[in-house]
Amino acid sequence: MDRAAFESLAGRLDYPMLIVTVAAAGERDGCLVGFWTQTSIDPARFLVCISERNRTARVALRAGALAVHLVPAGRQDLAELFGGETGDHTDKFARTEWREGPDGLPLLDGCPSWFAGRVLERMSLGDHVGYLLDPFDGHDAGDDWLGFQRAKAIEPGHEA
């Protein structure tokens, strides 16, 4: 199969970037996420995918819930922090303002639109782990978002 057409098309899409944060067993982490989708309206369901090489994925394996943040258009710095640094070497939360939210989840002050979701299912999806979430809390500030086209230049903290 010639994957060039798919890779070219997928590389031109411009969807919102998200940051997922998690806390479990005394650890917290977060990462920039580009693979996600709403999967159901009623009941509300959301699928977010985290690279299995990412420390966030290792913490999330022990978590009962995740926080999903919409990255605002003016917060490239947060996208670079959570996409370009690895929690294996950097305490990302020491470098940004955050607060404890529902279920002890870290909520990023710089991302006023967010929701928290209980993990219903984990599934292997190639080189990513998919987390099917049941949203249970959140806030929509109506802010504009940072798109993939701006974020794709960020050098990832881990290989995909």
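Residues numbered from 1 in each chain as written. Predicted model: local features only at pLDDT ≥ 70, side-chain atom pairs only at ≥ 80, totals over all residues. Heavy atoms only, no water.

## Here we look at the pattern of salt bridges
Side-chain pairs of opposite charge can arise where the charged atoms are in close proximity.
1) Next: Evaluation of the coordinates by the stated rule reveals 10 salt bridges.
2) Next: A salt bridge links glutamate 27 to arginine 55; its shortest N-O distance comes to 2.5 Å. Placement of glutamate 27 in strand S2 (residues 27-33) and of arginine 55 in helix H2 (residues 55-60) is noted, with a sequence separation of 28 residues between them.
3) Next: In this structure arginine 55 comes out as buried when scored by relative accessible area, which is 16%. (Salt bridge = Lys/Arg side-chain N within 4 Å of Asp/Glu carboxyl O. Helix = DSSP H or I, 4+ residues; strand = E, 2+ residues; numbered from the N terminus. Buried < 20%, exposed > 50% of the residue type's maximum accessible area, 1.4 Å probe, protein only.)

## What to know about the layout of surface pockets
1) Next: Approximately 210 Å³ is the volume found for the second largest pocket.
2) Next: Lining the second largest pocket we find 13 residues, and of these Leu18, Val68, Leu70, Ser113 and Phe115 sit closest to its centre.
3) Next: Only strand S5 (65-70) and strand S8 (114-125) provide two or more residues apiece to the lining of the second largest pocket.
4) Next: When residues in the lining of the second largest pocket are grouped by element, the largest group, three residues, is from S5.
5) Next: Residue classes in the lining of the second largest pocket are distributed as eight nonpolar, three polar and two charged. (1 Å grid on protein atoms, 1.4 Å probe; cavity = no way out; pocket = protein on both sides within 12 Å on 5 of 7 lines; lining within 4 Å. Points joined across faces, edges and corners; volume = space filled by probe spheres on them. Nonpolar A, V, L, I, M, F, W, Y, C, P; charged D, E, K, R; others polar.)

## Digging into unusual backbone geometry
1) Next: The amide bond that connects aspartate 42 to the next residue, proline 43, takes the cis arrangement and shows omega of 10°.
2) Next: In this structure, proline 43 sits in the loop between strand S3 (36-40) and strand S4 (45-51).
3) Next: The phi dihedral of alanine 25 falls on the positive side, at around 50°, and the residue is not glycine.
4) Next: Unlike most non-glycine residues, aspartate 103 shows phi in positive territory, near 55°.
5) Next: When you line up the elements, aspartate 103 lands in the loop between strand S6 (98-100) and strand S7 (106-108).

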